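# Notes for the structure review
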Amino acid sequence: MKLATPHDTWAWGHDLGARLVAGDVVALCGPLGAGKTQAAKGIVAGLGSQAAVTSPTFTLVHEYRDGRLPVFHFDFYRHEHPAAVLAAGWDDILDEPGVVVVEWADRFPELLPAQARWFTFEALPDGSRRVMEKTAP
């Protein structure tokens, strides 16, 4: 699906977020600047949160608990080993009755459950973005 503007990317995420249920895991993949964080902002808003969403690049995870379900927003970009993710309570978070959103999920695909939904984002030459649902890597 082609997303012409950053707002379209946010709206795509919002629509997805509105349909997510407790236990869903969303894996967002793609290069820097491809739209992963913009999509995550929409997902969190679609789940009813009013939070100002930022990428948790330096903190590994942000939690948003003011919507209809808690959202655990991870970013695997700066981590060399899955041990850092596990040390942050990954397994416990997967057991929470909320939604997990992971940017750069393809860095440690072995950590994601089999039912995770995988999306790849691509920046196109005209400034738009393309998002495609895919199977796990």
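Check the entry above for the structure.
### Structural notes on the overall build of the protein chain
- The helix and strand inventory of the protein chain stands at 4 helices and 7 strands.
- Along its sequence from the N terminus, the protein chain presents helices and strands in the succession β-α-β-α-β-β-α-α-β-β-β.
- Over its C-alpha trace the protein chain gives a radius of gyration of 14 Å, about what one expects of a compact globule, namely 14 Å for 137 residues.
- Once the C-alpha set of the protein chain is aligned to its principal axes, its extents read approximately 40 × 30 × 25 Å.

### So, the sheet that holds strand 7 (residues 129–134)
- What the 7 strands build is an open sheet, ordered 1-7-6-2-5-4-3; its pairing is mixed. The outermost strands of the open sheet, each flanked by one partner alone, are strand 1 (2–3) and strand 3 (61–64).
- The pairing of strand 6 (residues 117–123) with strand 7 spans 6 bridges and is classified as antiparallel. Within strand 7, the residue paired with alanine 123 across the bridge is arginine 129.

### A few points about the pattern of salt bridges
- This structure, assessed with the given rule, holds 5 salt bridges.
- The partner of glutamate 63 in a salt bridge is arginine 65, with the nearest N and O atoms 3.0 Å apart.
- For the salt bridge of glutamate 133 with arginine 117, the shortest nitrogen-to-oxygen distance reads 3.1 Å. You can see glutamate 133 sitting in strand 7 and its partner arginine 117 sitting in strand 6, a full 16 residues away along the chain.
- Arginine 117 sits in the partly exposed class, given a relative accessible area of 27%.

### With respect to the nonpolar core
- Counting residues in each nonpolar core, the largest one holds 21 residues, and the members touching the most others are Trp12, Val26, Leu28, Ile43, Val101, Phe119 and Phe121.
- Of all elements in the fold, only helix 1 (6–19), strand 2 (25–29), helix 2 (36–46), strand 5 (99–103) and strand 6 reach the threshold of two or more residues within this core.
- Aside from chain neighbours lying at most four places away, what touches phenylalanine 119 is Trp12, Leu16, Val26, Ala27, Leu28, Cys29, Val131, Met132 and Glu133.
- Within the second largest apolar cluster, 20 residues are counted, among which are Cys29, Val85, Val100 and Trp104.

### Regarding the pairing of strand 7
- Two strands pair when backbone bridges link them, and strand 1 and strand 7 are joined in this way by 2 bridges, in the antiparallel orientation. Note on strand 7: the bridge partner recorded for lysine 2 is arginine 130.
- The antiparallel hairpin formed by strand 6 and strand 7 contains 5 residues in its connecting segment, where glycine 127 sits at a positive phi of about 95°.

### Topic: the environment of phenylalanine 76
- With respect to the secondary-structure elements, phenylalanine 76 resides in the loop between strand 4 (71–75) and helix 3 (82–87).
- On the basis of relative accessible area, phenylalanine 76 is assigned to the buried category, the value being 0%.
- As for phenylalanine 76 and threonine 57, which are separated by 19 residues in sequence, their C-alpha atoms are 7.3 Å apart.
- Not counting the four nearest positions on each side in its chain, phenylalanine 76 is found in contact with Leu60, Val85, Trp90, Val102, Glu103, Trp104, Ala105, Arg107, Phe108 and Leu112.

So, how was this worked out
- Residue indices begin from 1 for each chain and proceed along its sequence in written order.
- Local features in this predicted model are restricted to residues of pLDDT 70 or higher, and side-chain atom pairs are both shown and tallied only at a pLDDT of 80 or more, whereas totals for entire chains, interfaces and linings draw on every residue.
- Each side-chain value is worked out from all heavy atoms of the structure, with water and hydrogens disregarded.
- The helix count covers DSSP runs of H or I at least four residues long, the strand count covers runs of E at least two residues long, and both are numbered beginning at the N terminus.
- We compute the radius of gyration over the C-alpha atoms and compare it with the globule rule, which gives 2.2 Å times the number of residues raised to the power 0.38.
- The pairing criterion is simple: DSSP has to find at least two bridges between the two strands.
- We define a salt bridge as a contact between a side-chain nitrogen of Lys or Arg and a carboxyl oxygen of Asp or Glu at a distance within 4 Å.
- Exposure classes here rest on a 1.4 Å probe applied to the protein chains alone. A residue is buried below 20% of its type maximum, exposed above 50%, and partly exposed in between.
- Take the buried Ala, Val, Leu, Ile, Met, Phe, Trp, Tyr and Cys residues and link them wherever side-chain atoms come within 4.5 Å; each set so joined is a nonpolar core.
- We call two residues in contact when some of their heavy atoms are within 4.5 Å.

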